[in-house]
Amino acid sequence: NDIEYIYSTYYNMEEYARFSSSLGKYVGYTEYGLKQADYWNKDPSYLAQMKATKETYCKNHVDNA
């Protein structure tokens, strides 16, 4: 439960949006990022895929660390 999966998206070396598994949704940091985060958060299948990434990637590798 102490693991957090973060997926950041960048353009021109500036982070504009981030998915956080602890929040379970995307958060935007720029005007464009806010629009994209809103779009991605409205797609339940995409959010489920991002949430599942924590289970499939992070939890499998934390035991090895």
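- As recorded in an unreviewed UniProt entry, the protein goes by MHC class II antigen and comes from Perca fluviatilis.

### Looking at the overall build of the protein
Turning to step 1, where the next piece is worked out: When helices and strands are tallied, the protein shows two helices and three strands.
Turning to step 2, where the next piece is worked out: When the helices and strands of the protein are placed in sequence order, the string is β-β-β-α-α.
Turning to step 3, where the next piece is worked out: In terms of its C-alpha atoms, the protein occupies a principal-axis envelope of roughly 40 × 25 × 15 Å.
Turning to step 4, where the next piece is worked out: Burial status across the protein gives 31% buried among its 65 residues.
Turning to step 5, where the next piece is worked out: Contacts in the protein between residues far apart in sequence, at least 24 positions, make up 24% of those at least 6 positions apart.
Turning to step 6, where the next piece is worked out: One finds the centroid of the 7 positive side-chain charges in the protein at a distance of 5 Å from the centroid of its 9 negative side-chain charges.

### Observations concerning the environment of S8
Turning to step 1, where the next piece is worked out: On the secondary structure map, S8 appears in strand β1 (residues 6–11).
Turning to step 2, where the next piece is worked out: The exposure class of S8 is partly exposed, given its relative accessible area of 24%.
Turning to step 3, where the next piece is worked out: For the pair S8 and S20, spaced 12 residues apart in sequence, the C-alpha separation works out to 8.6 Å.
Turning to step 4, where the next piece is worked out: Not counting residues up to four positions away in its chain, the partners in contact with S8 are E15, A17 and R18.
Turning to step 5, where the next piece is worked out: At 2.8 Å, the side chain of S8 and the side chain of E15 are in polar contact.

### Observations concerning helix α1 (residues 31–41)
Turning to step 1, where the next piece is worked out: Where α1 is concerned, the buried positions are G33, Q36, A37 and W40. Down the axis of α1, the buried side of the element spans an arc of 100°, and every buried residue falls inside it. Turned more than 90 degrees from where α1 packs its buried face, E31, L34, K35 and Y39 sit exposed.
Turning to step 2, where the next piece is worked out: On its buried side, α1 packs onto β1, β2 (14–20), β3 (25–28) and α2 (44–62).

### Thoughts on the pattern of salt bridges
Turning to step 1, where the next piece is worked out: Under the counting rule described, the total for this entry stands at three salt bridges.
Turning to step 2, where the next piece is worked out: Close ionic contact of R18 with E15 constitutes a salt bridge, the shortest N to O distance being 2.8 Å.
Turning to step 3, where the next piece is worked out: A relative accessible area of 17% means that E15 is categorised as buried.
Turning to step 4, where the next piece is worked out: D38 is the partner of K42 in a salt bridge, and the nearest nitrogen-oxygen pair spans 3.4 Å.
Turning to step 5, where the next piece is worked out: Judged by relative accessible area, K42 falls into the exposed class, the value being 62%.
Turning to step 6, where the next piece is worked out: With relative accessibility at 41%, the residue D38 sits in the partly exposed group.

Reading the values: rules and limits
Residues numbered from 1 in each chain as written. Predicted model: local features only at pLDDT ≥ 70, side-chain atom pairs only at ≥ 80, totals over all residues. Heavy atoms only, no water. Helix = DSSP H or I, 4+ residues; strand = E, 2+ residues; numbered from the N terminus. Buried < 20%, exposed > 50% of the residue type's maximum accessible area, 1.4 Å probe, protein only. Contact = heavy atoms within 4.5 Å. Lys, Arg positive; Asp, Glu negative; His and termini not counted. Charge placed at Lys NZ, Arg CZ, Asp CG, Glu CD. Polar contact = N/O pair within 3.5 Å; in protein donor to acceptor, adjacent residues only side chain to side chain. Arc of directions from axis to C-beta. Salt bridge = Lys/Arg side-chain N within 4 Å of Asp/Glu carboxyl O.

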